[in-house]
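So you can see what is in the structure, the chains are spelled out below.
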Amino acid sequence: LGQHHRVAVVHNGIIENFAELRAELEASGDEMRSETDTEIAAHLLEREVEAGADLTTAMQRVATRLEGAFTLVALDAEDPERVVAARRNSPLVVGLGDGENFLGSDVAAFIEFTREALELGQDQVVTIARDGVAVTDFAGAAVEPRHYHVDWDLSAAQKDGYDWFMRKEIYEQPRAVADSLLGRRTPQGKLQLDEVRLDDDELREIDKIIIIAAGTSFYAGLVAKYAIEHWCRIPVEVELSSEFRYRDPILTHSTLVVAISQSGETADTLQAIRHARVQRSKVLAICNTNGSTIPRESDAVIYTHAGPEIGVASTKGFMTQVIASYLLALYLAQVKGMRYDEEVAHVLDQLEQMPALIQRVLDQDEAVYALARDQVDASTVLFL
């Protein structure tokens, strides 16, 4: 809340210059009730609206003063029919309903009510009311956001009778892998990806690949390294995205940076690909979330089509990232002429058998449960 409780704010991210802004506010009489950077944004917004600005204009002005990665959502108690939000380097999407509109960091937040959404770009402000949505940049210029349809519904985010989301998603792996492989062949039998804004000559110039990822995606990247080096004979490095910018990596126009991210909004990975683009490197994203920031800012995309993954640890998310990594390796081998079309087609044939083979393993689940029951009371487990 602001100083006079007129403006309320929800904040995701980090405002890096909050100490400087806090000192400025305190010097002019504001009293802070917390140590958070979120409160700074509320006070700044409230000052603007009390000086006569509407909340949208206030958000535009305040957002330009903030440094870091943030999503801000704000409400003015004297104008409660509107909600205003801003994003920089942090996820925010709009849901379009009938007589109602929504804001969320992910479409799963409002999928129960609508499957129509708007993707917001970097440094944009959105104002929503019951009957409309308006988007501007931080300077106040009107922006036309891209509309898209979400192709999964609420039932995909519910447990479908399983005790836990993780168990449900384990059993969804055959379908997820099959969906990841759908539509990958042209009528001529060649392998194709989802979106490629690079021509074949640019891809033939690639002489080094750096895979950047975090968490589970990093492990998928280690598998991608084996596949790419085996089929393409291109050297591959795999790095944690949080470390990438700080070691001053060697990047050129013939380097391909592959960003693997389930959400497409992983902050460290996003900053890493922006660094790569400044160095004129090409960027390809492997991602599960259509319309998210990392695919939008990349030169090419392979979507994993796994549907929402709620459970932890990752199951179908990791599996489909591995499939996408194989597809990337095969595609590069095809473009660079390292493998004959028949060889690529043969591996695709093998990949398309994977859903049935995964299902065969899942059909033996009672043996797995029996083993788990035997070990449930073990105090120590050693993995070699």
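Above this text sits the structure in question.
Definitions and cut-offs
- Residues numbered from 1 in each chain as written.
- Predicted model: local features only at pLDDT ≥ 70, side-chain atom pairs only at ≥ 80, totals over all residues.
- Heavy atoms only, no water.
- Axes fitted to C-alpha atoms, helices over the stretch in contact; angles between N-to-C directions.
- Helix = DSSP H or I, 4+ residues; strand = E, 2+ residues; numbered from the N terminus.
- Parallel < 35°, antiparallel > 145°, perpendicular 65-115°, else oblique.
- Left-handed = near helix turned anticlockwise from the far one by under 90°.
- Contact = heavy atoms within 4.5 Å.
- Nonpolar A, V, L, I, M, F, W, Y, C, P; charged D, E, K, R; others polar.
- Salt bridge = Lys/Arg side-chain N within 4 Å of Asp/Glu carboxyl O.
- Buried < 20%, exposed > 50% of the residue type's maximum accessible area, 1.4 Å probe, protein only.
- Pairing = 2+ DSSP bridges.
- Right-handed = clockwise from strand over helix to strand, strands pointing away.
- Polar contact = N/O pair within 3.5 Å; in protein donor to acceptor, adjacent residues only side chain to side chain.
- Core = buried A, V, L, I, M, F, W, Y, C linked by side-chain atoms within 4.5 Å.
- Phe/Tyr/Trp six-rings, centres within 6.5 Å; stacked < 30°, edge-to-face > 60°.

### Concerning the packing of helix α2 (residues 37–50) against helix α3 (residues 55–65)
For step 1, the next point in the chain: The interhelical angle for the contact between α2 and α3, taken along N-to-C directions, is 135°, at an axis separation of 9 Å. In terms of their interaxial angle, α2 and α3 are classed as oblique. The chirality of how α2 crosses α3 is right-handed. For the pair α2 and α3, the contacting residues are Leu44, Leu45, Glu48 and Val49 in the first and Leu55, Ala58, Met59, Arg61, Val62 and Arg65 in the second.
For step 2, the next point in the chain: A class-by-class count of the residues in the contact of α2 with α3 yields seven nonpolar, no polar and three charged.

### A word on the pattern of salt bridges
For step 1, the next point in the chain: Inspection of every chain in the model, using the stated rule, returns 28 salt bridges.
For step 2, the next point in the chain: In this structure, the salt-bridge partner of arginine 6 is aspartate 76, at a minimum N-O distance of 2.8 Å. Here the residue arginine 6 occupies a position in the segment before β1 (7–15), and aspartate 76 occupies one in strand β2 (residues 68–76), the gap between them amounting to 70 residues. Across the pair, aspartate 76 and arginine 6 agree in class, each one buried.
For step 3, the next point in the chain: Residues arginine 167 and aspartate 163 are paired through a salt bridge, measuring 3.6 Å at the closest nitrogen-oxygen approach.

### Overview of the pairing of strand β11 (residues 208–213)
For step 1, the next point in the chain: Here β11 lies mainly inside the structure; six of its six residues are buried.
For step 2, the next point in the chain: Side-chain alternation along β11 places Lys208, Ile210 and Ile212 on one buried face and Ile209, Ile211 and Ala213 on a second face that is also buried.
For step 3, the next point in the chain: Pairing between β11 and strand β13 (residues 255–261): five bridges, direction parallel. By the bridge assignment for β13, lysine 208 is matched with threonine 255.
For step 4, the next point in the chain: Between the parallel pair β11 and strand β12 (residues 236–240), the chain is carried across by helix α7 (residues 216–232), and the sense of this crossover is right-handed.

### Description of the side chain of aspartate 30
For step 1, the next point in the chain: With respect to the element layout, aspartate 30 can be found in the loop between α1 (18–27) and α2.
For step 2, the next point in the chain: Within the local environment of aspartate 30, its side chain forms a polar contact with the side chain of histidine 43, the two groups lying 2.8 Å apart.

### Brief notes about the sheet that holds strand β9 (residues 146–149)
For step 1, the next point in the chain: An order of β5-β4-β6-β9 is seen for the four strands of this open sheet, with the pairing classed as antiparallel. Looking at which strands have only one partner, the edges of the open sheet turn out to be β5 (101–104) and β9. The average angle at which neighbouring strand axes cross in this sheet is 30°, direction not considered.
For step 2, the next point in the chain: Where strand β4 (residues 93–96) lies against strand β6 (residues 116–119), three bridges are found, and the strand directions are antiparallel.

### Notes on the nonpolar core
For step 1, the next point in the chain: Counting residues in hydrophobic clusters, the biggest one holds 42 residues, and the most contacted among them are Ile209, Ile211, Ile228, Val258 and Leu284.
For step 2, the next point in the chain: Per-element tally for this core: the top contributor is helix α11 (residues 316–335), with ten residues.
For step 3, the next point in the chain: Sequence-distant contacts of leucine 284, that is, excluding residues within four places in its chain, are made with Leu193, Leu256, Val257, Val258, Ala259, Ser298, Ala300, Ile302 and Leu328.
For step 4, the next point in the chain: Ranked by size, the runner-up nonpolar core spans 25 residues in total, among them Leu72, Ala74, Val84 and Phe138.

### As for the sheet that holds strand β7 (residues 124–129)
For step 1, the next point in the chain: Spatially, the five strands line up as an open sheet ordered β1-β2-β3-β7-β8, and their pairing is antiparallel. In this open sheet, the two edge strands, each paired with only one partner strand, are β1 and β8 (132–137). With strand direction ignored, the average angle separating the axes of adjacent strands in the sheet is 10°.
For step 2, the next point in the chain: Examined bridge by bridge, β1 and β2 share nine bridges and lie antiparallel to one another. Bridging from a neighbouring strand, asparagine 12 pairs with threonine 71 of β2.
For step 3, the next point in the chain: Docked against the sheet, α2 engages β1 and β2, running at close to 135° with respect to β1.

### Re the packing of aromatic side chains
For step 1, the next point in the chain: This structure, assessed with the given rule, holds five aromatic pairs.
For step 2, the next point in the chain: Relative to phenylalanine 113, the ring of phenylalanine 102 has its centre 5.4 Å away and its plane inclined at 15°; by these criteria the two rings are stacked. Taken together, the residues phenylalanine 102 in strand β5 and phenylalanine 113 in the loop between β5 and β6 connect sequence positions eleven residues apart.
For step 3, the next point in the chain: Judged by relative accessible area, phenylalanine 113 falls into the partly exposed class, the value being 47%.

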